[in-house]
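Observations on chain architecture
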Amino acid sequence: MAATLLTTHHVGGRAGTRTFPSLKYFEKDIVNVLYEADESSISGIKKETHYLPSKTIILPDCLSGSAGKRNFYIYNNRYFSSLYPLKPELTNAYSFDSQFGWDTDPKALSLVETLTLDTVTLDEVIKRQQSATIPSPDFLSLDTQGSELEILKGGEIAIRNTVVAIATEVSFTQIYEGQPLFGEITEYLREIGFHLASLEIFNTESSSHRSPVGLRGKGFIQSGEALFLRKLSNYDTIEEKITSQLKQAFITFCFGFYDETFSILNDLSMKTIEELVSSDTDKVNYLLFLIKLKQMSASYPEIFPVKYSDILTYEQGKTRFTSKEVNINFQNIAKNHYEEFGEQDFLEALNILDTPDYFGVEEVAHAFDLIQSANDLRRRRLEQIGAIKKWLLLEPN
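Residues numbered from 1 in each chain as written. Predicted model: local features only at pLDDT ≥ 70, side-chain atom pairs only at ≥ 80, totals over all residues. Heavy atoms only, no water.

The next subject is the overall build of the chain. Assigned secondary structure in the chain consists of 15 helices and 13 strands. The buried share among the 397 residues of the chain stands at 47%. In the chain, the proportion of contacts linking residues at least 24 apart, taken out of those at least 6 apart, comes to 72%. Of the roughly 20,600 Å² of accessible surface on the chain, a fraction of 51% belongs to carbon and sulfur atoms. With 39 positive and 55 negative side-chain charges, the chain shows a separation of 1 Å between the mean positions of the two kinds. (Helix = DSSP H or I, 4+ residues; strand = E, 2+ residues; numbered from the N terminus. Buried < 20%, exposed > 50% of the residue type's maximum accessible area, 1.4 Å probe, protein only. Contact = heavy atoms within 4.5 Å. Areas by Shrake-Rupley, 256 points an atom, 1.4 Å probe, with all protein chains shown as cover. Lys, Arg positive; Asp, Glu negative; His and termini not counted. Charge placed at Lys NZ, Arg CZ, Asp CG, Glu CD.)

Put into structure tokens, the structure is as follows:
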């Protein structure tokens, strides 16, 4: 029987947090596995996670690219602790930490202890823990201060077999000695069937000297967080294909990639999903949510924004950025659009969608307490409808 619980593995769980969002209605559907190499942090992690309705497992393992003994560098500010030593020139910098409201200074970056730890790969942990009912990850996230790429390589079997999404901290400049950068991580994950979905750049305010308040500006880009999704064409190695596809559909919805969600749902029959639900002993809510989404999306009228090629001819496109004025033929745009969809049917469908209230899948998201997603979907719908009305001259004078 397929395991329907959604398993998240977060490597670098010092703060007791994870990258996957905490979702009230779906928290019971989740198994959290948190890894932290610094055992002094374990009690704090337990304190931060004890209230969660999801099952939480904390492993004091130091993950790396291969098993063996490694130095683990503990810095005064524990968030910088890593298998990799900080580059000396960076230990003299100041940076304002907006999360905590303090200046990270050279003393915060001073090395206070070097531990010798036994390291293990993610694949070895999965193999070791199978008898302890710790499932392989569906969603893998990493925040390990430079060692992310080798940990990914040490978990390649697990990634190929079960993982559908990866969130990892990435760096654009070397903060640690020998640290792989963003491009290397992206290329490796591309090779094993994942593509970059999003990239958040962290706001840093770093300088080699300490400027007074009021005289500080932007810091150079150092790091960020990247989300990678399994390519939908790359399911040959997945152990439970349908279950993993549905997990990916749910994860992509939570991160705002709704097109990906509905692409997956459209490729699966309602009977297939309902059969999985009927045999689901864990009674996960996210499958019920996906069924509601599929049901609601099936009734959507198929209208689309106006195409570029209906607005500008080839010749107009050539002269668009010259001094020559481009005359837009709005009547012709409307004529081409209505010929494709049918004027009366199109206008009726547009009128149905043109409401400030939650509509369709937005209502489903709202009912399942995914308020941010419901608002995002509504904003996108109204924005696109506004653009359609502009090109078809349907806006009131």
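The discussion continues.
On to the sheet that holds strand β8 (residues 111–120), then. Ordered in space as β4-β8-β5, the three strands form an open sheet in which the pairing is mixed. Edge positions in the sheet fall to β4 (62–63) and β5 (68–75), since each of these pairs with one other strand and no more. For β4 and β8, the ladder comprises two bridges, and the chain directions are parallel. The residue of β8 that forms the bridge with Leu63 is Val120. (Pairing = 2+ DSSP bridges.)

In this section: unusual backbone geometry. In this model, Lys283 sits at a positive phi of 50°, which is unusual for a non-glycine residue. Along the chain, Lys283 falls in the loop between α8 (270–278) and α9 (285–297). Exposure remark for Lys283: the relative accessible area of 52% places this residue in the exposed category. A positive phi is found at Leu393, a non-glycine position, where the angle reads about 55°. Summarising the element assignment, Leu393 is placed in the segment after α15 (371–391).

Regarding α8, the residues found buried are Ile273, Leu276 and Val277. When α8 is viewed along its axis, its buried side chains cluster within an angular range of 100° and face the same direction. Exposed residues lying more than 90 degrees from the buried face of α8 are Lys271 and Ser278. (Arc of directions from axis to C-beta.)

This part is about the nonpolar core. Membership of the largest hydrophobic core comes to 41 residues, with the highest contact counts inside it found for Phe20, Phe250, Phe289, Leu290 and Leu293. At the level of elements, β10 (165–171), β13 (223–230), α6 (241–254), α7 (258–267), α8, α9, α14 (361–367) and α15 are the ones that each hand at least two residues to this core. Residues contacting Leu290, with those up to four places away along its chain left out, are Leu246, Ala249, Phe250, Thr261 and Leu265. Counting 30 residues, the second largest nonpolar core, distinct from the first, contains Ile57, Leu152, Val163 and Ile192. (Core = buried A, V, L, I, M, F, W, Y, C linked by side-chain atoms within 4.5 Å.)

Let us look at the pattern of salt bridges. Tallied over the full model, the rule gives 18 salt bridges. Here Lys28 ties to Asp29 by a salt bridge, and the two come within 3.4 Å at their closest N and O atoms. A residue is classified by how much of its surface remains accessible, and Lys28, at 41% relative accessible area, is partly exposed. Asp376 is the partner of Arg380 in a salt bridge, and the nearest nitrogen-oxygen pair spans 3.1 Å. Within this pair, Arg380 and its partner Asp376 are both found in helix α15, separated by four residues, close to a single helical turn. What makes Asp376 buried here is its relative accessible area of 17%. (Salt bridge = Lys/Arg side-chain N within 4 Å of Asp/Glu carboxyl O.)

So, on to the environment of Glu340. With respect to the helices, strands and loops of the structure, Glu340 is situated in helix α12 (residues 330–341). With sequence-adjacent residues up to four places away left out, Glu340 is seen in contact with Lys307 and Asp310. Within the local environment of Glu340, its side chain forms a polar contact with the side chain of Lys307, the two groups lying 2.9 Å apart. (Polar contact = N/O pair within 3.5 Å; in protein donor to acceptor, adjacent residues only side chain to side chain.)

Glancing now at helix α13 (residues 343–353). Residue pairs spaced three or four apart in an α-helix point in one direction, given the helix's 3.6 residues per turn. Listed in full, the buried residues belonging to α13 are Phe346, Ala349, Leu350 and Leu353. Looking straight down α13, one finds that the buried residues subtend no more than 100° of arc, so they occupy a single side. Turned more than 90 degrees away from the buried face of α13 sit Gln344 and Asn351, all of them exposed. Buried residues in α13 make contact with α12 and α15.

Turning to the side chain of Gln316, a few remarks are in order. With respect to the helices, strands and loops of the structure, Gln316 is situated in helix α11 (residues 314–319). When near neighbours in sequence (up to four residues on either side) are disregarded, Gln316 contacts Ile311, Val326 and Asn327.

For the rest of this paragraph, the subject is the packing of α12 against α13. Close contact between α12 and α13 brings their axes to 7 Å; oriented N to C, the two are set at 90°. In terms of orientation, α12 and α13 fall into the roughly perpendicular class. Along its contact with α12, which presents His337, Tyr338 and Phe341, the element α13 presents Glu343, Asp345, Phe346 and Leu347. Residues that form the contact of α12 with α13 fall into these classes: four nonpolar, one polar and two charged. (Axes fitted to C-alpha atoms, helices over the stretch in contact; angles between N-to-C directions. Parallel < 35°, antiparallel > 145°, perpendicular 65-115°, else oblique. Nonpolar A, V, L, I, M, F, W, Y, C, P; charged D, E, K, R; others polar.)

Angle between the axes and distance between the axes: these two values describe a pair of packed helices. α9 packs onto α6 with a crossing angle of 80° between their chain directions and a minimal axis gap of 10 Å. Comparing the axis directions of α6 and α9 gives the class roughly perpendicular. Here α6 contributes Leu246, Lys247, Ala249, Phe250 and Phe253 to the contact with α9, which in turn contributes Tyr286, Leu287, Phe289, Leu290 and Leu293. Looking at side-chain class alone, the contact of α6 with α9 contains nine nonpolar, no polar and one charged residues.

What is shown is where atoms sit, not what they do.
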